[in-house]
Every structure is written in structure tokens, then in C-alpha cells.
Amino acid sequence: VLVTVLSATASAVVARMMNGKAPETPLQSSCVTAQNATSTCQRFRTLGLGVQENEVSAIETMEDCCSGCDRLEGCQAWTFEPLARRCRWIAFTDDPCVSNPGDLRCRCRTRVGTTFGFKPTSPVVWVTRPSGTR
């Protein structure tokens, strides 16, 4: 039994070393970063203007908007206004948002009903500032 356990362990270690690196963890959907009464106050370009008309007209919910951003190449963030069913897919034009759309400086408060979210760039996402920091 001991030989079997050692053999299995050695096989796992060798397979891991042959692979060269640990498997990458897929990043979460931009839907998990949604914050109500939030938008962006940073400069951006609106994406998706060339998206087929039937896909744009199918956006009725916040989930439609954020999952559309997840699928759209170059989309870094999104805003959604449910009353108007208005979805904007965003590509930032200036730092720090170009390199990190989750940076706290990339969002600001706005009226209730407007929701902002961004594509995570790492497995850890800060939606609010950690307590005790400025």
C-alpha cells in the first residue's frame, strides 16, 4: 500500500513539473462587480456600435448587459439604466482605468438606478475600499 501511495504521489509531482505551470483560474464575470448608483467619471469609448441589431435589442436586463460585456472583445466595463434599458459597453482611454478598470478612481456615485460594473483583471475583486484605508 505504501508503495502505491508513494508511486501515485511521485506521478502527480512529475506531471505537475512537466506541465510547467499551474492551471489558470478563470476570472469572474463582470456581473459580480455590479454596483447600484454608480457610474464612471473617467474618459471612455463606447463599444458595441457594430454589434448586430438583434443582439442590442435583446438587452433588457442588467445581466444581459454585463454578460454582453464579458463576451465583447475590448470591453472593460459597462453601465446599465433599467428604466431606459440602456446598456453601455466601455473601453477606458486613460490610466488608471485602461490598465485596471477595477481601480476605485474609475467609478463615482450617480443616481439610483444606474449600475456600473467592470471586468475583473484578477481573481480578487475589491468592490469597496477596505476599512481603515483612504
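Quick caveat, the model's predicted, so the values are computed rather than measured.

Trainee: Teacher, can you tell me more about the confidence of the model for the protein here?
Mentor: Low-confidence regions, as indicated by low pLDDT, have predicted coordinates that should not be scrutinised in detail. Summary statistics for the protein give a mean pLDDT of 81 and a share of 68% for residues scoring 70 or more. Here helix H2 (residues 53–57) stands out as the least confident element of the protein, with mean pLDDT 52; strand E7 (residues 115–118) is the most confident, with 97.

Trainee: For this particular structure, what's the right way to read the pattern of salt bridges?
Mentor: Proximity of charged atoms lets side chains of opposite charge pair with each other. The full count for this structure, using the stated rule, is 2 salt bridges. The salt bridge involving Glu81 is made with Arg111; its shortest N-O contact spans 3.2 Å. With Glu81 in strand E4 (residues 77–81) and Arg111 in the loop between strand E6 (108–109) and E7, this pair connects stretches of sequence that are 30 residues apart. The class for Glu81 is buried, based on a relative accessible area of 14%. The shortest N-O distance in the salt bridge between Asp103 and Arg105 comes to 2.9 Å. You can call Asp103 buried: its relative accessible area is 16%. Using a relative accessible area of 55% as the deciding quantity, one classes Arg105 as exposed.

Trainee: Just to check I follow, could you spell out the nonpolar core for this structure?
Mentor: Soluble globular proteins tend to pack their nonpolar side chains together in the buried interior. With 11 residues, the main nonpolar core is built from Leu47, Ile59, Cys65, Cys66, Cys69, Leu72, Cys75, Trp78, Phe80, Trp89 and Ala91. Elements with a contribution of two residues or more to this core: helix H3 (62–71), E4 and strand E5 (86–92). By residue number, the principal contributor to this core is H3, which donates 3 residues. The next biggest cluster of nonpolar side chains, apart from the first, holds 7 residues, and it includes Phe92, Cys106, Phe116 and Phe118.

Trainee: How should I be thinking about the side chain of Gln76 in this particular structure?
Mentor: For Gln76, the position within the fold is in the loop between H3 and E4. Here the side chain of Gln76 touches Val98 through a polar contact of 2.8 Å, landing on its backbone oxygen. Not counting the four nearest positions on each side in its chain, Gln76 is found in contact with Cys69, Ile90, Ala91, Phe92, Cys97, Val98, Pro101, Phe118 and Lys119.

Trainee: Can you walk me through the environment of Arg86 in this structure?
Mentor: When you line up the elements, Arg86 lands in strand E5. Judged by relative accessible area, Arg86 falls into the partly exposed class, the value being 39%. A C-alpha to C-alpha distance of 8.3 Å links Arg86 and Glu60, two positions 26 residues apart in sequence. Arg86 has contacts with Thr79, Phe80 and Glu81, leaving out every residue within four places of it along the chain.

Reading the values: rules and limits
- Residues numbered from 1 in each chain as written.
- Predicted model: local features only at pLDDT ≥ 70, side-chain atom pairs only at ≥ 80, totals over all residues.
- Heavy atoms only, no water.
- pLDDT = per-residue confidence, 0-100.
- Helix = DSSP H or I, 4+ residues; strand = E, 2+ residues; numbered from the N terminus.
- Salt bridge = Lys/Arg side-chain N within 4 Å of Asp/Glu carboxyl O.
- Buried < 20%, exposed > 50% of the residue type's maximum accessible area, 1.4 Å probe, protein only.
- Core = buried A, V, L, I, M, F, W, Y, C linked by side-chain atoms within 4.5 Å.
- Polar contact = N/O pair within 3.5 Å; in protein donor to acceptor, adjacent residues only side chain to side chain.
- Contact = heavy atoms within 4.5 Å.

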